[in-house]
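# A closer look at the structure
Here is how the chains run, residue by residue.
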There are 2 protein chains.
Amino acid sequence: MSINDRINTILNAVVHLYITKAEPVSSEMIVAYYGLSISTATVRNDLQLLEKQGFLMKPHTSAGRIPTDKGYRYYVDQLMEKEVVHLSEEEKEEVREQYKIVRDYNEIMKVTSILISRLTHNLGVVLAPNMIKDTLKDIHFVTLDNQRILVTLVTNSGLFFQKMMKVNCTISDENLEAISQIIKKEFYGKSLEVVNDEMLNQIYHYYFKYQTLDSIWKLMEECFDFTEDETRLFLGNRSYILKQPEFKEIEKLNYFFDFIEEEENLIKIMRKPILENQIDIIIGSELGQDVMEDCSVITRQYLLKGKLRGAISVLGPTRMNYSKSVSVLDFIAEQLSEILSE
Amino acid sequence: MSINDRINTILNAVVHLYITKAEPVSSEMIVAYYGLSISTATVRNDLQLLEKQGFLMKPHTSAGRIPTDKGYRYYVDQLMEKEVVHLSEEEKEEVREQYKIVRDYNEIMKVTSILISRLTHNLGVVLAPNMIKDTLKDIHFVTLDNQRILVTLVTNSGLFFQKMMKVNCTISDENLEAISQIIKKEFYGKSLEVVNDEMLNQIYHYYFKYQTLDSIWKLMEECFDFTEDETRLFLGNRSYILKQPEFKEIEKLNYFFDFIEEEENLIKIMRKPILENQIDIIIGSELGQDVMEDCSVITRQYLLKGKLRGAISVLGPTRMNYSKSVSVLDFIAEQLSEILSE
DNA sequence: ATTAGCACTCTAAGGTCGAGAGTGCTAATT
DNA sequence: AATTAGCACTCTCGACCTTAGAGTGCTAAT
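The structure presented is a predicted model; accordingly, all values stated were derived computationally and were not measured.

Size it by volume and the second largest pocket reaches roughly 660 Å³. If you trace the second largest pocket, you find 25 residues lining it, with A:His140, A:Glu177, B:His140, B:Phe141 and B:Glu177 closest to the centre. Taken together, the elements giving at least two residues each to the lining of the second largest pocket come down to strand E4 (136-145) and helix H7 (173-187) of chain A together with strand E4 (136-145) and helix H7 (173-187) of chain B. It is E4(A) that provides the largest number of residues to the lining of the second largest pocket, a total of seven residues. Of the residues that constitute the lining of the second largest pocket, the class distribution is eight nonpolar, eight polar and nine charged.

All names here are of chain B. Along the polypeptide, Thr112 turns up in helix H6 (residues 105-120). Looking at Thr112, its side chain comes within polar contact range of the side chain of Tyr99, at 2.7 Å. Apart from residues no more than four positions distant in its own chain, Thr112 is found in contact with Tyr99, Val126, Ile312, Ile332 and Leu336.

The next point concerns the packing of aromatic side chains. For the coordinates displayed, the defined rule picks out 11 aromatic pairs over all chains. Ring geometry for A:Tyr72 versus A:Tyr322: centroids 5.6 Å apart, planes at 50°, classification tilted. Here A:Tyr322 lies in helix H13 (residues 322-341) and A:Tyr72 lies in helix H4 (residues 69-79), a separation of 250 residues in the sequence. Residue classification places A:Tyr322 among the buried positions, given a relative accessible area of 0%. Through pairs of rings, three or more aromatic residues link up here, namely A:Phe247, A:Phe256, A:Phe257, B:Phe247, B:Phe256 and B:Phe257. Above the plane of the ring of A:Phe55 lies A:Lys70, whose end atom (NZ or CZ) is 4.7 Å from the centre.

Glancing now at the pattern of salt bridges. Residues and elements named next belong to chain A. Applying the stated criterion to the full structure yields 46 salt bridges over all chains. One salt bridge connects Asp77 with Arg73, and the closest N-O pair in it is separated by 3.3 Å. On the criterion of helical spacing, the pair formed by Asp77 and Arg73 is a turn pair, its members being four residues apart in helix H4. Look at Asp77 and you get partly exposed, because its relative accessible area is 41%.

All names here are of chain A. On the secondary structure map, Lys184 appears in helix H7. Between the C-alpha atoms of Lys184 and Leu136, which are 48 residues apart in sequence, the distance is 7.9 Å. Once residues within four sequence positions are removed from consideration, Lys184 is found in contact with Lys137, Asp138 and Ile139. Separated by 3.0 Å, the side chains of Lys184 and Asp138 make a polar contact.

Near DNA strand D lie 21 residues; those nearest to it are A:Ser27, A:Lys58, B:Arg6, B:Thr42 and B:Thr61. The contact atoms of DNA strand D, taken as those within 4 Å of the protein, divide so that sugar and phosphate hold 80%. A distance of 2.9 Å is found between a phosphate oxygen of DNA strand D and a side-chain nitrogen or oxygen belonging to A:Ser27. Those elements giving two or more residues to the surface near DNA strand D turn out to be helix H3 (40-52) of chain A together with helix H3 (40-52) of chain B. Looking at the surface near DNA strand D element by element, the count peaks at four residues for H3(B).

Turning our attention to empty space enclosed by the protein. Residues and elements named next belong to chain B. If you walk through the whole model with that rule in mind, you get three cavities of 30 Å³ or more. Within this model, the largest cavity holds a volume of roughly 50 Å³. Volume-wise, the second largest cavity comes out at about 40 Å³. Along the walls of the second largest cavity sit Thr143, Asp145, Asn146, Ile149, Val167, Cys169, Thr170 and Ile171, which together make up its complete lining.

Moving on to the interface of chain B and chain A. Opposite the 46 residues of chain B that make contact, chain A presents 46 residues. Counting each side, the surface lost to burial between chain B and chain A is near 4,100 Å², with a carbon and sulfur contribution of 47%. Across the chain B-chain A interface, the total number found is six salt bridges. Between A:Glu263 and B:Lys110 there is a salt bridge, and its shortest N-O distance comes to 3.0 Å. The tally of links from chain B across to chain A stands at 19 residue pairs in polar contact (both at pLDDT 80 or more).

Right, let's get into the protein's contact with DNA strand C. Residues in close proximity to DNA strand C total 21 residues, the closest being A:Arg6, A:Thr42, A:Thr61, A:Ser62 and B:Lys58. A share of 77% of the atoms of DNA strand C within 4 Å of the protein falls on sugar and phosphate groups. Within the contact set of DNA strand C, a phosphate oxygen lies 2.9 Å away from a side-chain nitrogen or oxygen of A:Arg6. Between DNA strand C and the protein, one listed contact pairs a phosphate oxygen with a side-chain N or O atom of B:Lys58 at 2.8 Å. Looking at the surface near DNA strand C, the elements with two or more residues in it are H3 of chain A together with H3 of chain B. Looking at the surface near DNA strand C element by element, the count peaks at four residues for H3(A). Classifying every residue of the surface near DNA strand C gives four nonpolar, 12 polar and five charged.

Turning to the relation of the copies chain B and chain A, a few remarks are in order. Of the two same-sequence chains, chain B is brought onto chain A (RMSD 0.1 Å, axial shift 0.0 Å) by a rotation of 180°. The superposition of one copy onto the other is thereby described by a two-fold rotation axis. Closest approach to the rotation axis within chain B is made by the C-alpha atom of B:Ile250, at a distance of 3.5 Å. Both copies contact each other with a shared surface, as 98% of the interface residues of chain B are interface residues in chain A too.

This paragraph deals with the environment of A:Lys252. Residues and elements named next belong to chain A. With respect to the helices and strands, the residue Lys252 is situated in helix H11 (residues 250-260). The exposure class assigned to Lys252 is partly exposed, which follows from its relative accessible area of 30%. Sequence separation between Lys252 and Gln162 is 90 residues; the distance between their C-alpha atoms is 38 Å. Excluding residues within four positions of it along the chain, Lys252 makes contact with Glu246, Phe247 and Asp294.

Below, the discussion takes up H7(B). Residues and elements named next belong to chain B. In this model, H7 (15 residues) spans 21 Å end to end at C-alpha, consistent with the 21 Å of a helix rising 1.5 Å per residue. For H7, the full list of buried residues reads Leu176, Ile179, Ser180, Ile182, Ile183, Glu186 and Phe187. Burial along H7 is one-sided: seen end-on, the buried residues are contained in an arc of 160°. Those residues of H7 that are exposed and aimed more than 90 degrees away from the buried face are Asp173, Glu174 and Lys185. Where H7 is buried, its residues contact E4, strand E5 (148-155), helix H8 (192-209) and helix H9 (216-223). Phi for Gly189, located one or two positions after H7, is positive at around 85°.

Analysis parameters
- Residues numbered from 1 in each chain as written.
- Chains lettered and ligands numbered in written order.
- Predicted model: local features only at pLDDT ≥ 70, side-chain atom pairs only at ≥ 80, totals over all residues.
- Heavy atoms only, no water.
- 1 Å grid on protein atoms, 1.4 Å probe; cavity = no way out; pocket = protein on both sides within 12 Å on 5 of 7 lines; lining within 4 Å.
- Points joined across faces, edges and corners; volume = space filled by probe spheres on them.
- Helix = DSSP H or I, 4+ residues; strand = E, 2+ residues; numbered from the N terminus.
- Nonpolar A, V, L, I, M, F, W, Y, C, P; charged D, E, K, R; others polar.
- Polar contact = N/O pair within 3.5 Å; in protein donor to acceptor, adjacent residues only side chain to side chain.
- Contact = heavy atoms within 4.5 Å.
- Phe/Tyr/Trp six-rings, centres within 6.5 Å; stacked < 30°, edge-to-face > 60°.
- Buried < 20%, exposed > 50% of the residue type's maximum accessible area, 1.4 Å probe, protein only.
- Lys NZ or Arg CZ within 6 Å of the ring centre and 35° of its normal.
- Salt bridge = Lys/Arg side-chain N within 4 Å of Asp/Glu carboxyl O.
- Near = heavy atom within 4 Å.
- Buried area = accessible area lost by both parts, 1.4 Å probe.
- Least-squares fit on C-alpha atoms with pLDDT ≥ 70 in both.
- Expected span 1.5 Å × (residues − 1).
- Arc of directions from axis to C-beta.

Purely spatial values, then, with no claim about function.
Shown next as structure tokens:
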């Protein structure tokens with residue numbers, strides 16, 4: 001075993017033991033738990049070295065070591081076993097079971113976030129599929145009552161988008177049918193993004209072109225305005241994260257909840273472009289949020305019919321089980337893509 | 001001022017001051033804050049009386065008094081001003097503003113839960129309108145892709161219910177149209193409850209009656225099975241409640257979150273029948289849940305087109321501002337009913 | 001290069017103490 | 001009879017101290 005191997009082993013041991021025990025790791029502990037054939041003094045020398053290089057730190061002079069963000073970074077990049085799937089057959093079965101029951105997209109997203117929470121004991125987050133780049137396949141109007149119309153918009157990948165519109169005059173089913181035909185004729189095969197743009201920019205054009213249908217077009221303008229970014233975010237259980245020792249001071253929890261309840265914060269993190277089938281791990285200070293410097297986020301995108309769509313994440317303390325979380329996200333992303341695409 | 005009036009004033013003072021200051025209330029404090037023209041000794045005598053009768057208690061011998069559940073109960077039933085609306089014009093305006101923006105039912109529910117949280121600084125909860133007693137007005141099928149059909153079911157009060165169905169064979173639009181006609185013919189004007197029952201019990205009857213449409217009926221059985229009680233619950237912000245002093249011990253928070261994340265718990269409380277336009281206040285031990293004995297729930301139902309539908313609630317520590325919470329629920333229920341019924 | 005040995009440092013838990021808040025009782029006052 | 005002043009008593013809370021022990025870092029030996 002070369003000296004470099006030994007140093008790596010020791011760093012790995014510190015990260016592992018700290019993740020498991022949530023307490024600073026001492027030289028003695030490392031030797032004991034890893035059955036190393038070197039003395040604690042040697043380990044101490046190596047620990048000093050690792051601290052000087054910025055991978056480890058001590059909470060106080062006479063304490064064991066804990067990893068720094070740099071230490072975690074080195075661990076996830078270099079040391080962590082990525083191949084091994086850290087999921088038991090029971091856990092996998094649980095996921096499959098849950099997915100068997102769900103019926104609609106909302107439920108799928110909700111269940112996914114809960115599954116991630118349960119399996120990682122951190123907070124699971126799901127960003128619903130973005131369909132702005134899908135093309136328009138179909139549009140339907142359903143009259144709810146004489147003041148409300150439900151618009152359902154179906155895309156080429158089988159996703160749908162709904163909006164309720166308020167009207168101040170009754171519009172006959174024939175007229176609705178006519179307008180849906182016109183929209184299909186004009187926009188079929190165009191991406192929602194384009195539909196949105198064209199509709200907003202050229203509404204008067206359509207208005208004059210199909211004058212017979214008069215006031216409906218004003219509504220269409222509103223209806224096709226997707227700019228408000230209807231991103232839907234699903235947060236799983238909070239109860240697991242409360243039990244993490246890092247949150248035993250209520251102050252930390254406050255920061256954490258203030259952060260996650262501002263949806264923009266999470267969306268910004270999860271929207272970050274990631275290479276297909278890759279995992280994005282952001283550790284502590286890398287988040288660039290002072291109040292979240294003790295937390296990490298792991299994000300993975302999922303596919304729908306082969307295309308990147310939404311993302312799923314684990315949010316927890318920097319002292320989270322990274323390899324387990326990665327395994328969970330990998331497995332769930334795979335199952336989710338399958339369900340959505342089937 | 002009769003002696004009874006004085007006792008009531010003192011009890012009222014203790015509740016008020018404890019709600020505001022979150023600290024045991026002393027005789028001196030009562031006299032000071034209420035400018036009473038009696039001595040602290042007299043107040044102490046009355047406090048002793050109130051304690052003997054079970055309305056107050058002391059955390060320890062040399063501490064001030066705090067209300068018992070019985071004390072809170074007497075307060076909300078007898079002392080609390082119910083008429084006065086404890087909402088500022090700004091707060092009301094905020095509510096109206098928020099409701100102006102929302103577009104669909106889901107969003108309305110979500111916004112409502114958040115508004116309740118924000119205005120009460122506790123947890124707001126919304127139970128979505130129950131439509132099982134509505135009658136069937138319309139049904140639509142939308143083909144998403146060759147394996148999925150979206151069923152939209154419209155009721156007489158303009159609510160709708162959606163379900164995604166998986167099919168293993170392509171069903172033509174003509175057939176879908178035909179079946180929607182048949183369903184409308186058979187079930188128009190019947191309550192969803194009845195539709196559900198009849199569909200489940202007589203599925204074979206329909207199957208033979210309209211044989212030409214063969215396998216679709218199997219799907220209908222599944223589609224109309226509402227028994228799984230698709231109750232939708234919306235929880236508002238958790239961040240306010242974290243800041244309440246009763247939750248400074250993390251243990252209490254754990255119990256709280258475990259409780260609210262089990263949706264059944266909240267549904268059971270909120271489904272309890274309540275007289276129209278009445279408020280239901282459940283205090284501490286009245287909840288019958290050991291772990292929640294320091295929490296209270298206030299529930300109010302809201303109307304849709306004049307009929308009781310869902311419920312909105314405030315969940316917080318027993319030391320919550322009951323009159324403010326009641327005002328918030330009253331105002332929001334009114335606004336919500338209006339929005340839903342307009 | 002590794003290790004044994006040991007002095008040193010710091011935390012965490014426990015103990016003591018006094019100040020102060022607030023009560024309850026008694027005796028005096030209205 | 002109801003109210004009040006006066007005061008002893010009780011309990012908490014924070015400050016301070018002490019000690020055990022966990023763990024380090026250095027030095028000198030291997």
